[in-house]
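Working through the structure, step by step
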Amino acid sequence: MINRLFFYLLSGIIGIFIATKYIPGISFSGTYKEILLSGAILGLVNFFIKPILKIVFLPFRIITFGLFTLIINVGLVFFVMGILFKETFEIEKITGLILTTFLIWLLSFILCFKKSWKKS
């Protein structure tokens with residue numbers, strides 16, 4: 001469980017760093033400490049709050065065949081980048097937000113579930 005928390009933190013930090021460098025529509029004006037802090041907060045939110053939201057919104061997830069999980073992920077990334085750190089991050093386009101969410105999801109999938117691939 002601690003390993004998984006570490007990988008969520010790592011994927012949040014790396015994902016936000018890559019997004020600020022390469023994804024159009026996401027601009028950053030701050031220090032690297034703020035990237036580390038925002039990525040760590042995103043990792044904690046994904047580890048602790050996201051499972052609760054997935055349970056709360058289970059009926060919507062069932063109706064939409066799981067696509068509502070994308071809305072939850074986008075909302076969490078927007079909450080961290082757009083509300084908590086609104087002075088340092090500027091989200092210009094919704095496509096930048098969705099690409100950032102997909103990048104962070106992909107990184108967390110690779111880092112957190114790579115261990116389970118080796119067991120098979």
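Just above, that's the structure.
Described in the following lines is the structure provided in the data block. (Residues numbered from 1 in each chain as written. Predicted model: local features only at pLDDT ≥ 70, side-chain atom pairs only at ≥ 80, totals over all residues. Heavy atoms only, no water.)

A closer look at the overall build of the protein chain
Secondary structure summary: the protein chain contains five helices and two strands in total. Seen in sequence order, the protein chain has helices and strands lined up from the N terminus as α-β-α-α-α-β-α. Against the globule reference of 14 Å for 120 residues, the protein chain gives a C-alpha radius of gyration of 14 Å, in line with a compact fold. In terms of principal-axis extent, the alpha carbons of the protein chain reach across some 40 × 35 × 20 Å. The buried share of the protein chain, reckoned over its 120 residues, is 34%. Counting only contacts in the protein chain whose residues sit at least 6 apart along the sequence, the fraction spanning at least 24 positions is 70%. For the protein chain, the exposed surface amounts to about 7600 Å²; the carbon and sulfur share of it is 75%. Taken as two groups, the 12 positive and 4 negative side-chain charges of the protein chain have centres that lie 22 Å from each other. (Helix = DSSP H or I, 4+ residues; strand = E, 2+ residues; numbered from the N terminus. Rg over C-alpha atoms; globule rule 2.2 N^0.38 Å. Buried < 20%, exposed > 50% of the residue type's maximum accessible area, 1.4 Å probe, protein only. Contact = heavy atoms within 4.5 Å. Areas by Shrake-Rupley, 256 points an atom, 1.4 Å probe, with all protein chains shown as cover. Lys, Arg positive; Asp, Glu negative; His and termini not counted. Charge placed at Lys NZ, Arg CZ, Asp CG, Glu CD.)

So, the environment of Val80
Summarising the element assignment, Val80 is placed in helix α4 (residues 68-84). A relative accessible area of 0% means that Val80 is categorised as buried. Sequence spacing of Val80 and Gly43 is 37 residues, and the spatial spacing of their C-alpha atoms is 10.0 Å. Ignoring anything within four residues of it in the chain, the contact list for Val80 reads Ser38, Ile41, Leu42, Val45 and Phe85.

Observations concerning the packing of helix α1 (residues 2-22) against helix α2 (residues 32-56)
In the contact formed by α1 and α2, the axes pass within 7 Å of each other and the chain directions differ by 135°. Here α1 lies oblique to α2, going by the angle between them. The crossing of α1 and α2 is right-handed. Residues Arg4, Leu5, Tyr8, Leu9, Gly12, Ile13, Ile16, Phe17, Thr20 and Lys21 of α1 form the contact with α2, whose own contacting residues are Tyr32, Ile35, Leu36, Ser38, Gly39, Ala40, Leu42, Gly43, Leu44, Asn46, Phe47 and Phe48. (Axes fitted to C-alpha atoms, helices over the stretch in contact; angles between N-to-C directions. Parallel < 35°, antiparallel > 145°, perpendicular 65-115°, else oblique. Left-handed = near helix turned anticlockwise from the far one by under 90°.)

What to know about α4
The end-to-end C-alpha distance of α4, which contains 17 residues, comes to 23 Å, matching closely the 24 Å that a straight helix rising 1.5 Å per residue would cover. If you look at α4, its biggest bend is around 30°, right at Phe78. All of the buried residues in α4 are Phe68, Thr69, Ile72, Asn73, Val74, Leu76, Val77, Val80 and Met81. (Expected span 1.5 Å × (residues − 1). Bend = angle between axes of the 7 residues up to and from the residue.)

Side note on the side chain of Ser108
Of note, Ser108 is situated in helix α5 (residues 94-119). A distance of 2.9 Å separates a polar atom in the side chain of Ser108 from the backbone oxygen of Trp105. Ser108 has contacts with Tyr8, Ser11 and Phe113, leaving out every residue within four places of it along the chain. (Polar contact = N/O pair within 3.5 Å; in protein donor to acceptor, adjacent residues only side chain to side chain.)

A word on the nonpolar core
Counting residues in hydrophobic clusters, the biggest one holds 20 residues, and the most contacted among them are Ile16, Leu42, Val77 and Met81. Among the secondary structure elements, those contributing two or more residues to this core are α1, α2, α4 and α5. Beyond its immediate sequence surroundings of up to four residues, Ile16 is in contact with Ile35, Ser38, Gly39, Leu42, Met81, Phe89 and Ile104. (Core = buried A, V, L, I, M, F, W, Y, C linked by side-chain atoms within 4.5 Å.)

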